[in-house]
Amino acid sequence: MNWVKQLFSRRRLYHDLSDEIQEHLEEKIEELVAGGMPRKEAADAARREFGNLTLVREDSREVWRWPSIENIFADVRFGARVLRKNPGFTAIAVLTLAIGIGANTAIFSVLESQLWHPLPFPDSERLVDVHTVLRDNPKQWDVLSSRMFQAWRSQTRSLAGLLGYSYPRNRNLTADGSAERILVMPVTSNFFEVLQVPLVRGRAFLAEEETSGRDRAAIVSYSFWQNRFASDPGLLGKQVLLDGQPYVVAGITSPRLRFEFIEEPAVFVPLAMDSSQVTRNLYAIGRLAPDVTPQQVREELAVIFDRVLKSEGLPLESTAAVANLRETWTQFAAQPLYFFAGAITLVLLIACVNTAGLLLARGLARQREFAVRATLGAGRATLVRQSLIESLLMSLAGGAVGTIFGIWGAGVLAKLLGPDRLPRTAPIALNLSVLAFVLGVSIVSALLLGIAPALFASHVDLNHTLRHAARGLSANRGQLRSRSTLVAVEVALALVLLFGAGLFLSSFVRLQEAPRGFDAPGALTFRVDLHGENYAKPDQMQRYFSILTEQLRSIPGVREVTLGSGLPLTGSENLFGTVNVAGRPPAHKYGTFLTMHAIAPNYFQALHMHLLAGRSLDSHDAEGAARVAVINRNASQELFGHEDPLGKILEFVAQPQRGVLAQAPVQIVGVVENAQEFGANEVPFDDLYVPFSQHPVPSSYVLIDSNLPRGSLLASIRAAASSLDKDQPIFDVQTMDDRITSSVQGARFTMLIVAALAAVALVLVFVGIFGTVAYFVQQRTQEFGIRLALGASPARILRDAIAQSLAIGVVGLAIGVSSALILGRLLRHALYLVPHEHTGMLYGVKIHDPLIMVGACGLLIVVLLFASYIPARRAMRVDPMTALRYE
Amino acid sequence: MKNSEQRDLFPGALEMMILRTLKRQPLHGYALAQHIKRTSNDLLQIEEGSLYPALQRLLKEELVKAEWGISATNRRVRIYKLTALGAKHLVREVSRFERMLKGITRVLTPGES
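Residues numbered from 1 in each chain as written. Chains lettered and ligands numbered in written order. Predicted model: local features only at pLDDT ≥ 70, side-chain atom pairs only at ≥ 80, totals over all residues.

1. Points about the overall build of chain B
Counting its secondary structure elements, chain B contains four helices and three strands. Listed N to C, the secondary structure of chain B is α-β-α-α-β-β-α in terms of helices and strands. Here chain B holds 113 residues, and the buried ones make up 31% of them. Within chain B, counting contacts between residues at least 6 apart in sequence, those at least 24 apart form 56% of the total. (Helix = DSSP H or I, 4+ residues; strand = E, 2+ residues; numbered from the N terminus. Buried ≥ 20, exposed ≤ 12 C-beta atoms within 10 Å, placed from the backbone. Contact = placed C-beta atoms within 7 Å.)

So, in structure tokens, the structure goes:
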């Protein structure tokens, strides 16, 4: 079939056809006239016998068309014309949709860039995170020992490679005579090879450099090489100092090397497998061998794991775990992001419903147009298609504007979320998947909002509409029902959002009011992490911190200075111990796991922590004295139940597989109230407090209570620290109030975002109800006029008009309440704290809280009444004469 | 499908009749319409106009071809001719139609088969 030629010759074809039909009619007329019929009558008869002239032409032409495409083009042209002719309507509809689509685009961009986008390594979806988990509780990570890592690396066949790394740490770099603090990341020799991001210059680390003493090579990141060393090619082979130790630069990384889930380090050094830094800070990434699944890797590594532990006679508490690298590092942020996505989808639905309402209203105005077109032979399918194409045009325009909103919104969202709740540093950018998403959402929206008006349009009762055409708009039961349904749906959706906002607001308030277990208003805190050769021994650490606290205490205006390896709300990460009560069978197979805090004697007083029994630690509990400890209420219950814990001895369990060495036992001398470790929404920790002097640690927090302004206090602190050792910087400077604020920051953010969405929903519902009631009133103007003329009171009319919208609202509320309850039931596990799995989004509030439900319903009813009152008042003021004259 | 052929006929019936008529002699649209009406003794309710979409379909499938010419009554008309393809198509369609008719007849006159 030669359709290219057809396309060009079509004009001639149509022309021929018209001529031909014209000739046909004339011939007929002539014949009839020849038979004695008057000309005029003959013309009519010819027409009659011929049939529907327009339709015949249309059908004949259609034979030559690519039917669907050309009709659609025609419909698109027509639709665009209709939209252009109603700029006000189009603007409102497009803007409403743009808000809905824009909000969705924003959250999608965040989800895409933060959760779904592959990590920036070649074939990165074949990279897996390899770690160990407790057998009893696979959600709980265990420590990976360097021996296990080496066994895995040398024996695995299911992995093409297994690399190890430690989390980057700040260290002092001295080069060309000037020093600065940079991030240094220890990595294994095969690191760049497994990631498949080879160096641009120099060599990777050698296997023998993975031992302490021989690990003095450095690889500089490309951007640091550019910025700090001005891309000097002579840097290779040169010496730089890290914390005073000489390292020789061996290579420069590729500019393509980015992690996104770890802060980008400036310098890499070999990971010395035999050094103490590995014990608690070793992580592994594997690259799957071809055709191997993570599950197969897990099975293989588990076998090696058990073999190694058995050969050393160690208990099999843990096992291997293997999971997609990207998912492992992003899952902590996934749940709240998905939750926001759900809430934002509700807003889009409301926007669609609202626009559908607008379309319906306009559908009424166009009833005659549809009727006329149906009479002229437009089939039902044609009308539905036309209607859908119009809504598609509108939602595509909404999508285009929404994309702009979305890009802007994604930036705002990212800023509001902050780096703590975003797993990756990747920029949130417009890319093909985002555009595809916008297109998809636009099409789905078009279907959602176009289907009701389209079906309605196709049901036009020709006879009725045309007969009443002269009278203007005419009441239509179907119309009323469709609009009422839309409003009810809108009310229901808004209720779900409003109820959610209420839950998060209440949860936020309760989080702030929850007992924290400590109180130190105005106190300033900071952290010191001692590093370098001068602080290798415990007494050196002890000496540094005791001098520092002495010096701080001597600053005029300082009331109290205390010290702790962790403070409340800092999520103490460094010290743990596994203990058994002396003279008793162990409560747990491998002992009870405690969080340890090495603290100064005045720690509890300074933090106003409430002592429940026994005594606090004091200055007599010095290095050589009897080893003592205080436990918190939670640990007391866990270890002793209702028994008195005072005087009991705790023995530490050595765990060579975790690098935990045996320690001397401690005697419990006191019990203190639980203090929040992360925030109120946590499972309270089992805490063990020991004297800092008996357990010196290199990393510690200092808390200072004073009446000095923050700026001058901070200057004095920096001066003191610098005079003591200028290479040991203070960091993480925050007041305790700051820490409290940031502990509820997540809840605050969730509350704000859900409240904002609920507010948008309320506005949309207001507009929707307003429009609908205005429409009802208009429909019933004549009725009201007659009733007023017959003596009904205006108040009665007003009541009637409002009652109608209230009835719809109540139906919507009923649907909304049940959906909210069902949704809450479905989500209850995801919304509350699950230990080791995810932190809770709700705290101290029931998912079906009746008070909040009543409040949400009440607020919606107020909005409903207000939105219907304004147009309903018009009903009251109907002038009977005018109303009747309409007739 | 629209209400293009007045639906007293089954799909393709009009096309078949057109082809059969054109097999006898080339005709222009009007004459074609009159001939079909006459030969069917006006039993079939065919709107004259419905001929044209059918003719367009036949043209498109190259079962007929058309040329402008002068009719017997001295009018400028488009005269349709059966093509070789059209003749073959007609044979096939007629035999299919006869089979169908036989089937229908059997059902409508039970007990006589």
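2. Topic: the overall build of chain A
Counting its secondary structure elements, chain A contains 25 helices and 23 strands. Relative to the globule expectation of 29 Å for 887 residues, the C-alpha radius of gyration of chain A, 38 Å, shows a markedly less compact shape. Judged by the C-alpha coordinates and their principal axes, chain A covers about 135 × 75 × 55 Å. Per-residue burial for chain A yields a buried fraction of 40% across its 887 residues. Restricting the contact set of chain A to residue pairs at least 6 apart, pairs at least 24 apart contribute 82%. (Rg over C-alpha atoms; globule rule 2.2 N^0.38 Å.)

3. A closer look at the pairing of strand β3 (residues 76-82) of chain B
Summarising the sheet, strand β1 (residues 27-28) of chain B and β3 of chain B pair through two bridges and their orientation is antiparallel. Looking across to β3 of chain B, one finds that L27 of chain B is bridged to Y80 of chain B. (Pairing = 2+ DSSP bridges.)

4. Let's talk about the domain arrangement of chain A
Taken domain by domain, chain A consists of domain 1 (3-65), domain 2 (124-329), domain 3 (479-516 + 741-887) and domain 4 (531-727). For domain 1 of chain A versus domain 2 of chain A, the distance between C-alpha centres works out to 83 Å. (Domains from an automatic or database assignment.)

5. A word on helix α2 (residues 29-39) of chain B
Within α2 of chain B, burial applies to G29, Y30, A31, L32 and A33 of chain B. Just downstream of α2 of chain B lies N41 of chain B, where phi reads positive at about 55 degrees.

6. Some words on the interface of chain A and chain B
In this assembly, 19 residues from chain A lie in contact with 17 residues from chain B. Mapped onto the side of chain A that touches chain B, the elements with two or more residues apiece are α1 (3-34), α2 (39-50) and α3 (53-62) of chain A.

7. Comments concerning the nonpolar core
Nonpolar side chains tend to gather and get buried jointly when the protein is soluble and globular. Residues and elements named next belong to chain A. Core analysis: the largest hydrophobic core is formed by 108 residues, its most contacted members being L495, L497 and A761. Residues contacting A761, with those up to four places away along its chain left out, are V347, I350, L493, A494, L497 and L498. Residues V561, A600, I631 and L650 belong to the second largest nonpolar core, which totals 53 residues. (Core = buried A, V, L, I, M, F, W, Y, C linked by C-beta atoms within 7 Å.)

8. What about the pairing of strand β7 (residues 217-220) of chain A?
All names here are of chain A. The side-chain alternation of β7 yields two buried faces, one formed by A217 and I219 and the other by A218 and V220. Relative to strand β9 (residues 245-252), β7 is paired through four bridges, and the arrangement is parallel. When the bridges of β9 are listed, I219 appears paired with G251. Relative to strand β10 (residues 267-270), β7 runs antiparallel, the two being bridged by two bridges. By the bridge assignment for β10, I219 is matched with F268.

9. Here we look at the sheet that holds strand β2 (residues 64-70) of chain B
Strand order in the open sheet made by the three strands is β1-β3-β2 (chain B), with antiparallel pairing throughout. The strands lining the two open edges of the sheet, one partner per strand, are β1 and β2 of chain B.

10. Details of the environment of A520 of chain A
All names here are of chain A. Relative to the helices and strands, A520 is located in the loop between α15 (477-513) and β13 (524-529). By the C-beta count within 10 Å, which is 24 here, A520 ends up buried. Residues A520 and L53, spaced 467 residues apart in sequence, show a C-alpha to C-alpha distance of 91 Å. Every residue in contact with A520, bar those within four places of it in the chain, is listed here: A606, L607, H608, L703, D705 and M736.

11. Remarks on the environment of T330 of chain A
Residues and elements named next belong to chain A. Inspection of the secondary structure puts T330 in helix α10 (residues 325-365). Accessibility expressed as a C-beta count within 10 Å gives 22 for T330, which makes it buried. In this structure the C-alpha to C-alpha distance between T330 and R421, which are 91 residues apart in sequence, comes to 9.8 Å. Beyond its immediate sequence surroundings of up to four residues, T330 is in contact with Q114, L115, P423 and R424.

12. Examining the confidence of the model for chain A
Summing up the model confidence of chain A, the mean pLDDT is 85 and the portion of residues at 70 or higher is 92%. Here residues 469-475 of chain A is a poorly scored stretch, pLDDT under 50, and it has four contacts once near neighbours within four places are set aside; other chains count. (pLDDT = per-residue confidence, 0-100.)

13. So, the packing of helix α21 (residues 745-779) of chain A against helix α24 (residues 850-876) of chain A
Residue and element names in this part refer to chain A. At a minimum axis distance of 8 Å, the contact between α21 and α24 shows a crossing angle of 25 degrees. The orientation of α21 with respect to α24, classified from their angle, is roughly parallel. Crossing of α21 against α24: the hand is right-handed. When α21 is examined against α24, the residues L762, V765, F766, I769, F770, V773, A774 and V777 are found in contact with a partner set consisting of V863, L864, A867, S868, I870, P871, A872, R874 and A875. Class assignment of the residues belonging to the contact of α21 with α24 gives a composition of 15 nonpolar, one polar and one charged. (Axes fitted to C-alpha atoms, helices over the stretch in contact; angles between N-to-C directions. Parallel < 35°, antiparallel > 145°, perpendicular 65-115°, else oblique. Left-handed = near helix turned anticlockwise from the far one by under 90°. Nonpolar A, V, L, I, M, F, W, Y, C, P; charged D, E, K, R; others polar.)

14. A few points about the environment of A343 of chain A
All names here are of chain A. Relative to the helices and strands, A343 is located in helix α10. A residue is classified by how many C-beta atoms lie within 10 Å of it, and A343, with 23 of them, is buried. Spatially, the C-alpha atom of A343 lies 34 Å from that of P294, the residues being 49 residues apart in sequence. Among residues more than four places away in sequence, those in contact with A343 are L497, G500, V754 and L757.

15. Here we look at unusual backbone geometry
All names here are of chain A. A positive phi angle, close to 50 degrees, is found at A230, a residue other than glycine. Positive phi values are uncommon outside glycine, yet S231 reaches one of about 55 degrees. Looking at the element boundaries, S231 is found in the loop between α8 (222-229) and β8 (239-242).

16. Re the packing of helix α1 (residues 13-24) of chain B against α2 of chain B
All names here are of chain B. The contact between α1 and α2 brings their axes to 10 Å, and the two run at 105 degrees. Put simply, α1 runs roughly perpendicular to α2. Contacts between α1 and α2 involve M17, I18 and T21 on the former and, on the latter, L32, H35 and I36. Classifying every residue of the contact of α1 with α2 gives four nonpolar, two polar and no charged.

17. Section: the confidence of the model for chain B
All names here are of chain B. With 88% of its residues at a pLDDT of 70 or more, chain B has an overall mean of 81. Between residues 1-7, whose pLDDT stays under 50, and residues either more than four places distant or in other chains, the model counts 12 contacts. Model confidence for the complex: the whole-complex pTM is 0.72, and ipTM, which rates the interface, is 0.82.

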